[in-house]
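# Architecture at a glance
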Amino acid sequence: MTRGEIWKDFFKKTVLPVILALFLFSMFKNVFTENGETNYFYVWLCCGIPFGIRRMFVWLVPHGYDIAGTVGIVALNFILGGLIGGVILIWRLLCAAWYIPLTVYRLLTVGKVGAVEIGTME
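These numbers were taken from a predicted model, which means no experiment stands behind them.

This brings us to helix α4 (residues 67-109). A rise of 1.5 Å per residue sets the reference length of α4, with its 43 residues, at 63 Å; its end C-alpha atoms lie 60 Å apart and thus fit the reference within 8%. The largest bend in α4 amounts to roughly 25° and is located at Tyr99, with the proline Pro101 lying one to four residues further along. Downstream of α4 by one or two residues, Gly111 has phi in the positive range, about 85°.

Before going further, it helps to spend a moment on the nonpolar core. One broad rule of soluble globular proteins: the nonpolar side chains tend to lie buried together. Counting 8 residues, the largest nonpolar core consists of Ala21, Leu24, Phe32, Val43, Cys47, Phe51, Ile88 and Leu89. Those elements that provide at least two residues to this core are α1 (3-27), α3 (40-52) and α4. Of all the elements, α3 adds the most residues to this core, at 3 residues. In contact with Ala21, other than residues within four places in its own chain, are Leu89 and Leu93.

Criteria and cut-off values
- What you see as residue numbers is a count from 1 along each chain, following the sequence as written.
- Local features in this predicted model are restricted to residues whose pLDDT is 70 or higher, and side-chain atom pairs enter the listing and the counts only when it is 80 or higher, whereas totals over whole chains, interfaces and linings include all residues.
- No hydrogens and no water enter the side-chain calculation; it runs on all heavy atoms of the structure.
- Numbered from the N terminus, helices here are DSSP runs of H or I no shorter than four residues, and strands are runs of E no shorter than two.
- Residue count minus one, scaled by 1.5 Å, sets the expected span of a helix.
- Here the bend at a residue is taken as the angle between two axes, fitted respectively to the seven residues that end there and the seven that start there.
- In plain words, nonpolar cores are sets of buried Ala, Val, Leu, Ile, Met, Phe, Trp, Tyr and Cys residues tied together by side-chain atoms within 4.5 Å.
- Only protein chains enter the accessibility calculation, which uses a 1.4 Å probe; a residue whose area is less than 20% of its type maximum is buried, one above 50% is exposed, and one in between is partly exposed.
- Working rule for contacts: check all heavy atoms of both residues, and any pair within 4.5 Å makes them a contact.

What follows is the structure, given as structure tokens:
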């Protein structure tokens, strides 16, 4: 890998998920904070919805229901998408923490002959 590819990989897998998580947390802070107390379930849902949005309407598709049933299924899909997205967000943040020492190792060994490349998918 070249230095440019290492930095691109670092920003894509470390900086971007952390900045997105911080942005979501700061954007939804008024939603999940009441009287100075934080409701962590709401944190999980609000910050997880953007990561689980692709999985929301996979299992329950609101088809053939009246308006109340459709609204209920859409709300359930948002809750399920938020829960799944919360797991994905935690996984991405753990991967971001792993990529910090990996990037340092890659930058120290770039261009050296006989250096083992860790984490390449080629």
